[in-house]
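# Structural characterization, general
The residues making up each chain are set out below.
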Amino acid sequence: MSCCDTPAGLLPFETALSRLLAEIHPIATQQTVELGQSIGRVLAEPVISRVNVPPYTNSAMDGYAIHLTEPAAASYRLIGRCLAGHPFEQTVAPGECVRIMTGAQLPPGANCVVMQENATLLDDETVAFSDGLVLDRNIRHAGEDISAGATVYDAGHCINTADIAVFAALGIASVSVKRQLKVALLASGDELKLPGTTLNPGELYESNRPAIHAMLTRMGIEVRDFGIIADDKEQLKSAFLSAAEDCDAIITTGGVSVGEADYTKDILTEIGEVNFWKLAIKPGKPVAFGRIGPAVFFGLPGNPVSALVTFHQLAVPALKKMQGHEQIHYPTQTAIAASDFKTSPGRTDFQRGILFHDDQGRLAVRSTGAQGSHMLTSLTRANGYVILAPQTEPVRTGDLVKVQWFDALLG
Ligand SMILES: Nc1nc2c(c(=O)[nH]1)N[C@H]1C(S)=C(S)[C@@H](COP(=O)(O)OP(=O)(O)OC[C@H]3O[C@@H](n4cnc5c(N)ncnc54)[C@H](O)[C@@H]3O)O[C@H]1N2
Ligand code: MOO
């Protein structure tokens, strides 16, 4: 094998991802949800504004709305007062002003707001200004943020917290979103125990399912959690069949390699179809992707880092595509290696690193240390990936490497 050959039988990462995405179709069904329930959901239709934001031209400061004359007068006649929610209807004539508060509708005729710090009341009806007599100063125009008729969001946009403010400002109380995905999740292994229970010799606490459950929930996905299932072919098969009945996708961890109690891939072959099984990636070589009936199937490896990295790199883009997201790929950047990195001949290596800006402001990255696929701390100490293409030459400090910041799912 030369430096960049893929070991026999292992599918390159990019090929696997594109084969997987080619199998996934965005769900068609949509539903209406109230704003409070819309976080993380994906818009099924574009959002077109029916109103201006702001809806009326208003003052950005507490002060005086004036009808500025050219040249400016030495003082202006005060004709009234204007508070937010109480428009002042009278037209402000040249040389006149109105006391105004932040957010109050600008009275007709006013063309400048002077903040009160620059105003001196000469008497009850006369104000002089020391500064700020500039046309259009401190005026927020109707529709200058969003104008009526504008397309504010395209279909496929994933709703975030700031969007809730925008919808509310547009007067929108409910939105049309894609149906929520339902995903089955299970962990397989006789050695796995629930946190909070007592371990017997040879047992360990199960960590993959709780973490993936949390990430699915963050993605706005309904989880049907089958818990821990023993290394028993019949029990696993019946769980897979039950999950395929009412879930869009099935995610399993463990039992996907070549050991004597690794049944996942055999069951998938028997009751569904296997699209690919072994990948040229590290961590996560054994990943079974396929289908059982209408449900897509991701058999992720049991090793804790392998499970989370393959979930994040392969299952998340697929689930996002199914959810109808417009953005499904993670952006990558180039950074300067601030430590050496070992490479994995023939496998794309998703190492975990700490990204930072060096003292010259350049993006740099150092390793989180030992990168074994059982070393959860390699992941939790990291804020991004260092993606090393299949190569034999190790990366030396100062070399350029491809990096990816963790998103909110891992961060
Ligand atoms: N002869 C070979 N052996 C292995 C190969 C191979 O190619 N040939 N691949 C190795 C790689 S790489 C990985 S990754 C693992 C994946 O194996 P499985 O998916 O079958 O996973 P298990 O054997 O069930 O478990 C592996 C490891 O992870 C622990 N584990 C499992 N599930 C959980 C969980 N939910 N939470 C926490 N920890 C979990 C388990 O106890 C094992 O230590 O196979 C290699 N072997
Ligand atoms: O893929 Mo395994 O994750 O290398 O240990």
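Residues numbered from 1 in each chain as written. Chains lettered and ligands numbered in written order. Predicted model: local features only at pLDDT ≥ 70, side-chain atom pairs only at ≥ 80, totals over all residues.

As annotated in an unreviewed UniProt entry, the chain carries the name Molybdopterin molybdenumtransferase and is attributed to Gynuella sunshinyii YC6258. Listed under Function (unreviewed entry) in UniProt, the entry text for the chain is "Catalyzes the insertion of molybdate into adenylated molybdopterin with the concomitant release of AMP." Recorded under Pathway (unreviewed entry), the UniProt text for the chain is reproduced unchanged: "Cofactor biosynthesis; molybdopterin biosynthesis." (UniProt positions renumbered as here; feature names shortened; annotations may be inferred.)

Here we take up the UniProt feature "domain: MoaB/Mog" (unreviewed entry) in the chain. Under the UniProt annotation, the feature "domain: MoaB/Mog" (unreviewed entry) is placed at residues 184-321. Helix makes up 37% of residues 184-321 and strand 31%, with an end-to-end C-alpha separation of 17 Å. (Helix = DSSP H or I, 4+ residues; strand = E, 2+ residues; numbered from the N terminus.)

This part covers the nonpolar core. Judged by nonpolar contacts, the single largest core of 69 residues is most densely connected at Val183, Ile250 and Ile251. For this core, the leading source of residues is helix H6 (residues 304-323), giving ten residues. Both domains that furnish three or more residues to this core are identified here as domain 1 (13-27 + 181-318) and domain 4 (333-405). Those residues in contact with Ile251 that sit more than four places away from it in its chain are Val183, Ala184, Leu185, Ile212, Phe298, Leu300 and Ala315. (Core = buried A, V, L, I, M, F, W, Y, C linked by C-beta atoms within 7 Å. Buried ≥ 20, exposed ≤ 12 C-beta atoms within 10 Å, placed from the backbone. Domains from an automatic or database assignment. Contact = placed C-beta atoms within 7 Å.)

Now for the packing of helix H3 (residues 208-218) against H6. At a closest axis distance of 10 Å, the pairing of H3 and H6 adopts a crossing angle of 20°. Classified by the angle their axes make, H3 and H6 are roughly parallel. For the element pair H3 and H6, the recorded crossing hand is right-handed. Between H3 and H6, the residues in contact are Asn208, Ala211, Ile212 and Met215 and Pro304, Ala307, Leu308 and Phe311, respectively. Tallied by class, the residues present in the contact of H3 with H6 amount to seven nonpolar, one polar and no charged. (Axes fitted to C-alpha atoms, helices over the stretch in contact; angles between N-to-C directions. Parallel < 35°, antiparallel > 145°, perpendicular 65-115°, else oblique. Left-handed = near helix turned anticlockwise from the far one by under 90°. Nonpolar A, V, L, I, M, F, W, Y, C, P; charged D, E, K, R; others polar.)

Attention now goes to the sheet that holds strand E18 (residues 273-278). In space, the six strands of this open sheet follow the order E16-E13-E17-E21-E20-E18, with mixed pairing throughout. Every other strand in the sheet has two partners, leaving strand E16 (222-229) and E18 as the edge strands with one partner each. Taking the axes of each pair of neighbouring strands and ignoring which way they run, one obtains an average angle of 15° across the sheet. Of the pairings in the sheet, the one linking strand E13 (residues 182-188) to strand E17 (residues 249-253) comprises five bridges and is parallel in character. When the sheet's bridge partners are listed, Ala187 is paired in E17 with Thr253. Strands E17, strand E20 (286-292) and strand E21 (295-300) of the sheet are contacted by H6, whose axis makes an angle of about 165° with E21. (Pairing = 2+ DSSP bridges.)

Here the focus is the sheet that holds strand E8 (residues 119-123). The strand order E7-E4-E6-E5-E9-E8 describes an open sheet built from six strands, whose pairing is mixed. On the outer flanks of this sheet lie strand E7 (112-115) and E8, each paired with one strand and no other. Here the average twist between neighbouring strands, direction ignored, is 40°. As paired elements, E8 and strand E9 (residues 126-129) share four bridges and run antiparallel to each other. For Leu121, the partnering residue across the bridge sits in E9 and is Val127.

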